[in-house]
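Inside the fold
The lines below spell out each chain.
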Amino acid sequence: MTGSPREPSPGWQFVRGKKWAILAVSIAVIVPCLWHRRIEAGDLGSHVYNAWLAQLIEKGEAPGLYIVRQWNNVLFDWILFHAASVVGFATAEKIVVSACVLVFFWGVFAFVAAASGRPPWFLTPCIAMLAYGYSFNMGFLNYYLSLGLASFSFALLWQGRGVERVIGLGTVPFVLLAHPLGFLWLAGTALYVFLWTKLPKWWNLAVFPFTVAALFVVRWYLAHRVQFPVDWSDTPFYLLNGADQLALYGQRYVWLAWTAVLFGIVPFVFQTRASREDKAALKLLILPLQLYFVAVCATALLPEDLRPSLYGGWIGLLVFRLTTISAIFGLCVLACLRPKKWQFAGFLAVAIVFFVFLYQDTKTLNRMESNAEKLFSSLPYGTRVIPTIGAPDDSRVQFIGHLVDRACIGRCFTYSNYEPSSGQFRVRARKGSPVATDSADDSSDMEGGSYKVQGTDLPLVQIYQCDEADPTRLCLHNLAAGETTGQVGLHPPAPPKSDNLPK
């Protein structure tokens, strides 16, 4: 006798049954990666530039720089480096970043589906906006990729079966390879869900208060016992609700983010009140709500910046990164509700406006980068450059100066680039390197405008904004010994601070 064929897993059935919808949504989601000549996403320019430095190191053409082997915060850089070796930097950037966006989008989609028990099609506009939110536009691509992979891994381990769970488990090392924060989120969420679902009734109620208490202990320890510098965010926790991921290049994004919150809160309040007698519906909400509130508590209690080594770079903007996780859990809560057509229409309208704004602002940055390329075309190869380029005061995306790094590829060296001196990336600088400073403090001061030029730094060229009416217009200035890097320019940028969130 032969047994009946085994029924395909729900995940595989979904992919096979919705393949054309998946393809159409995927094409739409990567459009922002293709609508300009370059992808403007803050630190992305630095990642691409350092991939070029890695190529020069392999050829012996980057004196004072070397590559180290590391097993975290490197997956995106490794993929970009090898892709660029085959197709060149411009094409590699488009391919690799588009792939990361798809991993993040469908990873979050799968995670939300696993938490709610149904595909969250009505939330696709929200997931698309989150895919191009603060973490993406700041260029935290290793962290961003780790969250996408962690979402996929957890969805497969939680609701998959057989081979799917093997794939989910096999994805875990790549999560760590991308970024340790993604791995910690995956491990912490898996432990929380395991305890909540496996502990006897009533005992599982202790998981939430115990987790929050642990976060208070961590805060106390970092505030009183740690010997290295720690900065705390003064942004009110209620502004860090996950929707802040949509607040990007100005105040108009903030109003858009609060509109998205409104379309989420109103149906949640009315549907939970209407479902007071529906115990199954309320039970489905409990776990996602707990995970969301734990994430919000984490953003309220953890430090914004810390510096484990006095000689290395800061681990910065931690809280603002973590609100991506709050947003993911918030989407899980919304997915447990009965979807309404007007709610989808509202989210879609917000997404259309969001991407119109994003197109306009990234087009402006593309124009600035084109101006930088024109200026660099006249410089001798190997010229050392320091950018002092600031974003508008109401912009949360402060890393726009890294577009100069990418404009330097094949032409010049951004002497102030922070990656080699930070000790957190695979490209490192030795003392006295003519290509990059080996001091994390000097790197910050150079671009922040307070660095006093030394005779050994010369020749050195500064690129800065020189037209108040058109901040995209850039000029070059030959620096002299004794001069500070902030003496010329519109307004030398200060290092990003945690109070830059528009209120």
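Along every chain, residues carry numbers that run from 1 in the direction the sequence is written. Given that the model is predicted, a residue must reach a pLDDT of at least 70 before its local features are reported, and side-chain atom pairs must reach 80 or more before they are shown or counted; all residues, however, enter totals for whole chains, interfaces and linings. With hydrogens and water stripped out, all remaining heavy atoms of the structure feed into the side-chain values.

Another aspect to go through is the overall build of the protein chain. In terms of regular secondary structure, the protein chain is built from 19 helices and 8 strands. Here the globule rule is a power law, 2.2 Å times the number of residues to the power 0.38, and the radius of gyration is based on C-alpha atoms. For 503 residues, the compact-globule estimate of 2.2 N^0.38 gives 23 Å, and the C-alpha radius of gyration of the protein chain, at 24 Å, lies within 12% of that figure. Along the three orthogonal principal directions, the C-alpha set of the protein chain runs to about 80 × 55 × 40 Å. Of all 503 residues assigned to the protein chain, the portion counted as buried reaches 54%. Throughout, a residue-residue contact means that at least one pair of heavy atoms, one from each residue, lies within 4.5 Å. Pairs at least 24 residues apart make up 77% of the contacts formed inside the protein chain by residues separated by at least 6 positions. Accessibility throughout is a Shrake-Rupley quantity obtained with a 1.4 Å probe, and a residue counts as covered only by protein chains that appear here. Summed over its atoms, the accessible surface of the protein chain is roughly 22,900 Å², and 65% of this surface lies on carbon and sulfur atoms. Charged residues are defined narrowly, with Lys and Arg counted positive, Asp and Glu counted negative, and His plus the chain ends left uncounted. Note that the charge is assigned to NZ on lysines, CZ on arginines, CG on aspartates and CD on glutamates. Of note, the protein chain has its 41 positive side-chain charges centred 13 Å away from the centre of its 33 negative side-chain charges. A run of H or I in DSSP counts as a helix once it spans at least four residues, and a run of E counts as a strand once it spans at least two, with each numbered from the N terminus. When a residue's accessible area, from a 1.4 Å probe over protein chains only, is under 20% of the maximum for its type it is buried; when over 50% it is exposed; and in between it is partly exposed.

Two cysteine sulfur atoms make up a disulfide if the distance between them is within 2.5 Å. Tallied over the entire structure, the rule returns 2 disulfides. Each sulfur in the disulfide pair C408 and C412 lies 1.9 Å from the other. Negative torsions about the S-S bond denote left-handed disulfides, and the value of about -100° found for C408 with C412 makes this one left-handed. As far as burial versus exposure is concerned, C408 and C412 are alike and both buried. Put simply, C466 and C475 are joined by a disulfide, and their sulfur atoms are 2.1 Å apart.

Next up on the list: the side chain of N73. Relative to the helices and strands, N73 is located in the loop between β1 (65-67) and α5 (75-87). Under the relative-accessibility criterion, N73 is labelled buried at 11%. For N73, the contacting residues outside a window of four places in its chain are N142, L176, L177, A178, H179, P180, Q424 and F425.

Before going further, it helps to spend a moment on the pairing of strand β7 (residues 461-465). Counting buried positions along β7 gives 5 out of 5 residues, so the element sits mostly inside the fold. DSSP bridges decide pairing: two strands pair if at least two such bridges lie between them. With 4 bridges connecting them, strand β4 (residues 383-388) and β7 associate as parallel partners. Across the sheet, residue V385 finds its bridge partner in β7, namely V461. In this structure, β7 lies alongside strand β8 (residues 474-478), joined through 5 bridges in antiparallel fashion. Following the sheet pairing, Y464 is matched in β8 by C475.

Once that is clear, we can look at the pattern of salt bridges. Between Lys or Arg on one side and Asp or Glu on the other, a salt bridge is scored when a side-chain nitrogen of the former is within 4 Å of a carboxyl oxygen of the latter. Following the criterion strictly, the structure yields 8 salt bridges and no others. Between R38 and E369 there is a salt bridge; the shortest N-O distance is 3.5 Å. Here the residue R38 occupies a position in the loop between α3 (31-34) and α4 (44-59), and E369 occupies one in helix α16 (residues 341-376), the gap between them amounting to 331 residues. Accessibility assignment for this pair places R38 and E369 in one class, buried. Note that R252 is salt-bridged to D361, the shortest N-O span being 3.2 Å. Of the two residues, R252 is situated in helix α13 (residues 251-274) and D361 in helix α16; the sequence distance between them amounts to 109 residues. In this structure R252 comes out as partly exposed when scored by relative accessible area, which is 33%. Judged by its relative accessible area of 18%, D361 falls in the buried class. One salt-bridge network, in which partners are shared between bridges, spans R37, R38, E40, E93, E369, E373 and R406.

Helix-helix packing: each pair is described by the crossing angle between the helix axes and the interaxial distance. Throughout, an axis means a line fitted to C-alpha atoms (over the contacting stretch in the case of helices), and angles, computed between N-to-C directions, take values from 0 to 180 degrees. Between helix α9 (residues 141-159) and helix α11 (residues 180-198), whose axes approach to 8 Å, the crossing angle comes to 25°. In this view, α9 runs roughly parallel relative to α11, as classed from their interaxial angle. For the pair α9 and α11, the sense of crossing is right-handed. Contacts from Y143, S146, L147, A150, S151, S153, F154 and W158 of α9 reach α11 at L181, G182, W185, L186, T189, A190 and V193. Three residue categories are used. Nonpolar comprises Ala, Val, Leu, Ile, Met, Phe, Trp, Tyr, Cys and Pro, charged comprises Asp, Glu, Lys and Arg, and polar comprises the others, including Gly. Across the contact of α9 with α11, the residue classes break down as 10 nonpolar, 5 polar and no charged. The labels follow the angle: roughly parallel below 35 degrees, roughly antiparallel above 145, roughly perpendicular from 65 to 115, and oblique for the rest. The hand of a helix crossing depends on one turn: near helix anticlockwise from the far one by less than a right angle means left-handed, and clockwise means right-handed.

Glancing now at helix α19 (residues 440-448). Here α19 has its buried residues at A440, S443 and M446. The arc that holds the buried residues of α19, viewed along the axis, is 125°, so those residues lie on one side. Where α19 is buried, its residues meet β4 and α18 (419-422). Polar contact is defined as a pair of N or O atoms within 3.5 Å, subject to the rule that within protein one atom must be able to donate a hydrogen and the other to accept it, and that residues adjacent in sequence are counted only when both atoms are side-chain atoms. Capping of α19 at its N-terminal end is provided by S439; its side-chain oxygen lies 3.4 Å from the backbone amide nitrogen of D441. Of the residues trailing α19, G449 is marked for its positive phi of about 100°. Directions are taken from the helix axis to each C-beta atom, and the arc is the one they span.

To continue, consider a nonpolar patch on the surface. Residues qualify for a patch when their relative accessible area is over 30% and they have no salt bridge, like charges being joined within 9 Å and the nonpolar side chains of Val, Leu, Ile, Met, Phe, Trp and Tyr within 5 Å. Residues L262, I265, V266, V269, F270 and W342 make up a contiguous nonpolar surface patch of roughly 580 Å² in combined accessible area. Ranked by the residues each element gives to the nonpolar patch, the list is headed by α13, at 5 residues. Position of W342 among the secondary structure elements: in helix α16. The class of W342 is partly exposed, set by a relative accessible area of 43%.

Further remarks concern the confidence of the model for the protein chain. This prediction gives the protein chain a mean pLDDT of 86; 92% of its residues lie at or above 70. Between residues 492-503, whose pLDDT stays under 50, and residues either more than four places distant or in other chains, the model counts 35 contacts. Scored between 0 and 100, pLDDT is the confidence that the predictor attaches to each residue.

The next subject is unusual backbone geometry. With glycine set apart, most residues show a phi of negative sign, and most peptide bonds adopt trans. Cis peptide bonds are those with omega within 30 degrees of zero, and the linkage from L458 to P459 qualifies with -5°. Checked against the element boundaries, P459 lands in the loop between α19 and β7. The phi angle at N73 is positive, at roughly 60°, despite the residue not being glycine.

Taken together, 4 strands build an open sheet; the order of strands is β5-β4-β7-β8 and the sheet is mixed. At either margin of the open sheet sits one strand with a lone partner, and together these are β5 (412-414) and β8. Within the sheet, the average angular offset between the axes of one strand and its neighbour, ignoring direction, is 35°. Along the sheet face, α19 touches β4 and β5 and points at about 65° away from the line of β4.

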